[in-house]
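Here is what each chain is made of, one letter per residue.
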Amino acid sequence: MLFHSLHLQISIRNNIKMYLKFLSMLSLILGALSQPDDGRSCLGNTVYNYFYGSEGQTVNPNLNPIGPQQQGKPGKIGPRGNKGEKGPKGEPGQSDNTARELDKMQSELDELKAKFQAFSAPPSCDHISNKKYSGTYLISPDPYQVAPFYAYCNFTSAETETVIEHDTMEEMAVPKCAAPKCFRRRIRYNVDMDQIVALIERSTSCRQYIKYRCRASVIFFDGGVDHASWVSRDGTQIHYWGGATSRRSGYCACGETGTCVDSSKKCNCDRNTAPETSDEGYLTDKEVLPVTGLFFGDTDGSAEFGWHTLGPLICSGRQ
């Protein structure tokens, strides 16, 4: 209680002292303002000019020397500041040399990927270990010489088959023409010839089905002139037909077995009569397959017709 009383007394004394100092300062200011111009002190002139204006100037009528000052209108926009410091230099752009280097690296990467595929893919369908589903697979018969390619693998037959198709898989009619070999059909396969040859060389056997359905249209013999032929992979015209295992010129399968509709002929179509017949069978010579072209003729008459069929190249086994 005694401590609280002493603290209160000291606080009152301090407040009184501060109040007396304020009154003394206010008295000095008022005294300086009340003196004439020539008798004012420096402080008096400063205060007087602030409230009443200096001699020779008009006093601001809106200025209240006693009350609070009012906010005036905004002044003019000041001058533009100095230009800022230059920013850091940006990263360099991609030059033509850099673009060429990137393209070169991409080409090298693609080449490495192709080589990896070439050496990792099996040589043929027969080399695929998991022979569960027939379908299209990537094979690489000779990774050192040819690029890998896709082929159809048939796992449902007795032997696994690698199948290469072409653009003339359906039966097609021979147009009207009279002369021997007046019509030619070029065969285009879905892979390059060097890839096909590489597959043939890695296979034990290859075969290709060929058929000619005819009505009064001969294949080989009519007055000693061959009217039809098929073309080997090196462009040679060959004059035996599918199924002629002896590969003798002018022979079809029925001529080998003696079962032609006319026993004096070596092919059924060489009978050259109106009843429709056909000659068909497989070509099996690996050295000349696949077939790259077909020639036909003797279809110009109103009762003369011919239709040809060429199957895909089928290879099997491992070489």
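Up top you'll find the structure we're talking about.
Now for a description of the structure that goes with this document. Since the model is a prediction, treat every value here as computed from it, not as a measurement.

### Let's talk about the overall build of the protein
The number of helices and strands found in the protein is 5 helices and 11 strands. Taken across its 319 residues, the protein has 33% of its residues classed as buried. A separation threshold of at least 6 residues defines the contact pool for the protein, and within that pool the share at least 24 residues apart is 65%. Here the protein has roughly 20900 Å² of accessible surface; of this, 54% comes from carbon and sulfur atoms.

### Topic: the pairing of strand S2 (residues 149–154)
Taken together, the 5 bridges between strand S1 (residues 135–139) and S2 define a ladder with antiparallel strand orientation. Bridging across to S2, Gly135 finds its partner in Cys153. Pairing of S2 with strand S3 (residues 161–164), which is carried by 3 bridges, proceeds in the antiparallel orientation. Bridge pairing in S3 places Tyr152 opposite Val163. Here S2 folds back onto S3, and the loop between the two strands holds 6 residues.

### Regarding the pattern of salt bridges
Counting across every chain of the model gives 8 salt bridges. Here Glu276 makes a salt bridge to Arg213, at a shortest N to O gap of 2.9 Å. Of this pair, Glu276 sits in the loop between helix H5 (253–257) and strand S9 (277–283) while Arg213 sits in strand S6 (residues 205–215), and the two are 63 residues apart along the sequence. With a shortest N-O distance of 3.8 Å, Glu256 and Arg248 are connected by a salt bridge. Under the relative-accessibility criterion, Glu256 is labelled partly exposed at 23%. One network of salt bridges, in which partners are shared, links Glu171, Arg213, Arg215 and Glu276.

### A few points about the pairing of S6
Note: S6 against strand S11 (residues 305–316), 10 bridges, orientation antiparallel. Bridge assignment links Ile210 to a residue of S11, and that residue is Leu310. Relative to S9, S6 runs antiparallel, the two being bridged by 7 bridges. What sits directly across from Gln208, in S9, is Leu283.

### Details of the sheet that holds strand S5 (residues 183–186)
With antiparallel pairing, the 4 strands of this open sheet are ordered in space as S5-S10-S7-S8. The sheet is open, and its two edges are formed by S5 and strand S8 (237–238), each paired on a single side. Judged from the 4 bridges that link them, S5 and strand S10 (residues 293–296) form a sheet pairing that is antiparallel. For Arg185, the partnering residue across the bridge sits in S10 and is Leu294.

### So, unusual backbone geometry
Leaving glycine out, the prevailing phi sign among residues is negative, and the prevailing peptide bond configuration is trans. With an omega dihedral of 5 degrees, the bond running from Leu289 to Pro290 counts as a cis peptide bond. The residue Pro290 is located in the loop between S9 and S10 in this model. Non-glycine residue Lys181 carries a positive phi angle of around 55 degrees. Look at Lys181 and you get partly exposed, because its relative accessible area is 23%. Backbone geometry at Asp298 places phi at a positive 60 degrees, although glycine is not the residue there. Following the sequence through the fold, Asp298 ends up in the loop between S10 and S11. Since its relative accessible area comes to 7%, Asp298 is described here as buried.

Procedures and definitions
- Every chain's residues receive numbers from 1 upward, in the order its sequence appears when written.
- Where totals are concerned, whole chains, interfaces and linings use all residues; where local detail is concerned, this predicted model gives features only for residues with pLDDT of at least 70, and gives and counts side-chain atom pairs only at 80 or more.
- Side-chain measures were taken over the full set of non-hydrogen atoms in the model, leaving aside hydrogen atoms and water.
- Going along the chain from the N terminus, every DSSP run of H or I of four or more residues is numbered as a helix, and every run of E of two or more is numbered as a strand.
- The classification of residues rests on relative accessible area computed with a 1.4 Å probe and restricted to protein chains. Under 20% of the type maximum is buried, over 50% is exposed, and intermediate values are partly exposed.
- Contacts are assigned to residue pairs that have any heavy atoms within 4.5 Å of one another.
- The Shrake-Rupley method, run with a 1.4 Å probe, gives the accessible areas here. Residue values count only the displayed protein chains as cover.
- At least two DSSP bridges between two strands are needed for those strands to be called paired.
- The term salt bridge refers to a side-chain nitrogen of Lys or Arg lying within 4 Å of a carboxyl oxygen of Asp or Glu.

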